Amino acid sequence: MPSRCGYVAIVGRPNVGKSTLLNQLVGEKIAAASRKPQTTRHRIRGVVTQGADQLVLVDTPGVDPTTPKLLGKVLNRTARATLDDVDAVVFMVEAGRWEAGDEQLAGWLAASGRPVVLVINKVDKLKDKDILLPLIDQLRGKLNSHDVVPLSALRGMNMEPLLTTLMALLPAGPHLFPDDEITDRSQRFRVAEVIREQLLERLGQEVPYATSVDVDTWEDTGAAIHIGAVIWVERDSQKSIVIGKGGRMIKAVGTGARHELEDMLQHKVMLKLWVKLREGWQGDIDGIRRMGIDVEP
Ligand SMILES: Nc1nc2c(ncn2[C@@H]2O[C@H](COP(=O)(O)OP(=O)(O)OP(=O)(O)O)[C@@H](O)[C@H]2O)c(=O)[nH]1
């Protein structure tokens with residue numbers, strides 16, 4: 001049987017569960033997921049190989065047309081530009097919610113001409129499952145989609161029907177990645193995402209958005225992998241929040257991340273974290289670029 005291979009973007013407004021779906025389909029954590037909107041800052045590719053077929057999923061930042069922030073606008077552009085480079089699109093919405101970002105995306109998708117699979121996520125949260133069918137009908141009216149798949153990314157519910165639908169949309173062609181590879185992102189990137197996820201989970205509303213994580217040392221001594229990472233903040237006041245009283249916050253972030261990293265790397269991990277200041281990095285394009293975030297022209 002000839003092989004099929006292609007790119008499918010996962011798009012949606014912030015917080016609908018795109019990174020959770022990517023991690024679930026790939027079977028490992030490759031993208032940070034959190035309750036905080038616009039967690040995702042990069043285009044992250046996840047690879048699913050099943051027999052002759054290879055699906056390359058592209059996670060994208062959440063689209064929020066109402067954002068006043070430069071970084072938010074940069075992230076919107078990244079999501080928009082991804083649509084030009086893929087064979088099909090998963091448009092993820094949240095069961096029972098339709099907001100400005102959904103409306104914006106529906107417009108972009110109609111203009112892109114790409115086949116769209118509409119995924120209705122978080123159906124586990126629906127108290128009344130009877131509203132699902134009318135909801136599907138209503139969404140079909142808003143969007144000319146190839147298929148509609150209700151699911152729960154968090155619980156891993158309905159993953160197989162989604163994969164089957166997506167694989168059928170792929171063009172014939174050779175595999176683009178080795179069959180045992182699950183992402184194009186380096187291990188260092190994945191480690192930074194685990195640390196960032198801890199920051200997002202543990203810090204209050206504003207501070208985590210001002211942070212960025214860089215893994216800058218990595219040494220495997222056999223007994224343990226020694227990892228050193230820098231947490232960048234924008235202002236001095238944020239530095240003390242990330243460190244916490246008596247260093248309690250940074251210690252909790254480090255311990256939480258270390259446990260997860262030991263699972264991920266299947267090895268003992270020694271993690272050292274530093275908090276450093278790079279003033280106002282989100283305020284200008286160069287600062288954003290220096291943090292390793294893609295900036296579309
Ligand atoms: N109940 C429920 N929660 C979910 C489900 N999928 C994701 N979530 C939660 O929704 C929140 C957002 O998930 P993410 O995967 O970070 O969302 P995202 O769309 O990638 O977010 P952005 O990076 O902001 O674009 C997290 O707290 C997830 O645990 C689901 O199927 N059911």
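From a predicted model like this one, the values you see are computed outputs, not experimental measurements. (Residues numbered from 1 in each chain as written. Predicted model: local features only at pLDDT ≥ 70, side-chain atom pairs only at ≥ 80, totals over all residues.)

Draft legend 1. Broad picture of the overall build of the chain. Helix and strand counts for the chain come out as nine helices and nine strands. Taking the principal axes of its C-alpha atoms as reference, the chain extends roughly 55 × 45 × 40 Å. Looking at the chain as a whole, 40% of its 297 residues qualify as buried. Put simply, 69% of the contacts in the chain that link residues at least 6 apart link residues at least 24 apart. (Helix = DSSP H or I, 4+ residues; strand = E, 2+ residues; numbered from the N terminus. Buried ≥ 20, exposed ≤ 12 C-beta atoms within 10 Å, placed from the backbone. Contact = placed C-beta atoms within 7 Å.)

Draft legend 2. Summary view of the pairing of strand β1 (residues 4–11). Within β1, six of the eight residues are buried, which leaves the element mostly enclosed by the surrounding structure. As paired elements, β1 and strand β3 (residues 53–59) share seven bridges and run parallel to each other. Note on β3: the bridge partner recorded for V8 is L57. In the sheet, β1 pairs with strand β4 (residues 88–94) via four bridges, with the strands oriented parallel. Bridging across to β4, V8 finds its partner in A88. (Pairing = 2+ DSSP bridges.)

Draft legend 3. Seen up close, the UniProt feature "domain: Era-type G" (unreviewed entry) in the chain. Feature annotation in UniProt places "domain: Era-type G" (unreviewed entry) on residues 4–172, given in this structure's numbering. Annotated as residues 4–172, this span is 33% helix and 23% strand, and its ends, taken at the C-alpha atoms, are 4 Å apart. (UniProt positions renumbered as here; feature names shortened; annotations may be inferred.)

Draft legend 4. Region of the structure containing the domain arrangement of the chain. What the domain assignment lists for the chain is domain 1 (4–168) and domain 2 (187–290). Each of domain 1 and domain 2 was reduced to a C-alpha centroid, and the two centroids are 27 Å apart. Taken together, the contacts link twelve residues of domain 1 with twelve residues of domain 2. Here the side of domain 1 that touches domain 2 is built from residues that sort into seven nonpolar, two polar and three charged. (Domains from an automatic or database assignment. Nonpolar A, V, L, I, M, F, W, Y, C, P; charged D, E, K, R; others polar.)

Draft legend 5. Spotlight on the nonpolar core. Grouped together as the largest cluster of nonpolar side chains are 73 residues, with contacts concentrated most on V8, V89, F91 and V119. Per-element tally for this core: the top contributor is β4, with six residues. Residues lining this core come from more than one domain, with at least three contributed by each of domain 1 (4–168) and domain 2 (187–290). Setting aside anything within four residues of it in sequence, one finds F91 in contact with V11, G12, L105, L109, V116, L118 and V119. (Core = buried A, V, L, I, M, F, W, Y, C linked by C-beta atoms within 7 Å.)

Draft legend 6. Structural view of the site of the ligand. Around the ligand sit 24 residues, and of these G17, A33, T40, G62 and L154 come closest. Considered class by class, the residues forming the shell around the ligand number seven nonpolar, twelve polar and five charged. (Near = placed C-beta within 6 Å.)

Draft legend 7. Spotlight on the environment of R202. In this fold, R202 is placed in helix α6 (residues 187–202). For the pair R202 and I250, spaced 48 residues apart in sequence, the C-alpha separation works out to 9.8 Å. Among all residues touching R202, those that are not within four sequence positions of it are M249, A252 and V253.

Draft legend 8. Geometry of unusual backbone geometry. The backbone phi angle of K122 is positive, close to 65 degrees, even though this residue is not glycine. With respect to the helices and strands, the residue K122 is situated in the loop between β5 (116–121) and α4 (132–142). Taking the number of C-beta atoms within 10 Å as the measure of exposure, K122 has 22 and is therefore buried. In the Ramachandran plot, Q266 falls in the positive-phi region, its phi being about 55 degrees despite a non-glycine side chain. Secondary-structure assignment places Q266 in the loop between α8 (248–265) and β9 (269–277). Accessibility expressed as a C-beta count within 10 Å gives 7 for Q266, which makes it exposed.

Draft legend 9. Region of the structure containing the environment of G96. For G96, the position within the fold is in the loop between β4 and α3 (100–112). A tally of 15 C-beta atoms within 10 Å means that G96 is categorised as partly exposed. Along the chain, G96 and R188 lie 92 residues apart, while their C-alpha atoms are 37 Å from each other.

Draft legend 10. The arrangement of the sheet that holds β9 in detail. What the three strands build is an open sheet, ordered β7-β8-β9; its pairing is mixed. Every other strand in the sheet has two partners, leaving β7 (212–220) and β9 as the edge strands with one partner each. In this sheet, adjacent strand axes meet at a mean angle of 20 degrees when their direction is disregarded. In this sheet, β9 lies alongside strand β8 (residues 225–233) in parallel orientation, the contact comprising nine bridges. Bridge pairing in β9 places W232 opposite K276. In the packing of α6 onto the sheet, contacts are made with β7 and β8, and the angle to β7 comes to roughly 130 degrees. (Axes fitted to C-alpha atoms, helices over the stretch in contact; angles between N-to-C directions.)

Draft legend 11. Seen up close, the sheet that holds β4. Reading across the sheet, the six strands line up as β2-β3-β1-β4-β5-β6 and stay open at both edges, with mixed pairing between neighbours. Because the sheet does not close on itself, it has two edges, and the strands there are β2 (44–50) and β6 (147–150). The mean angle between the axes of side-by-side strands here comes to 25 degrees, regardless of whether they run parallel or antiparallel. Along the sheet face, α3 touches β1, β4 and β5 and points at about 160 degrees away from the line of β4.

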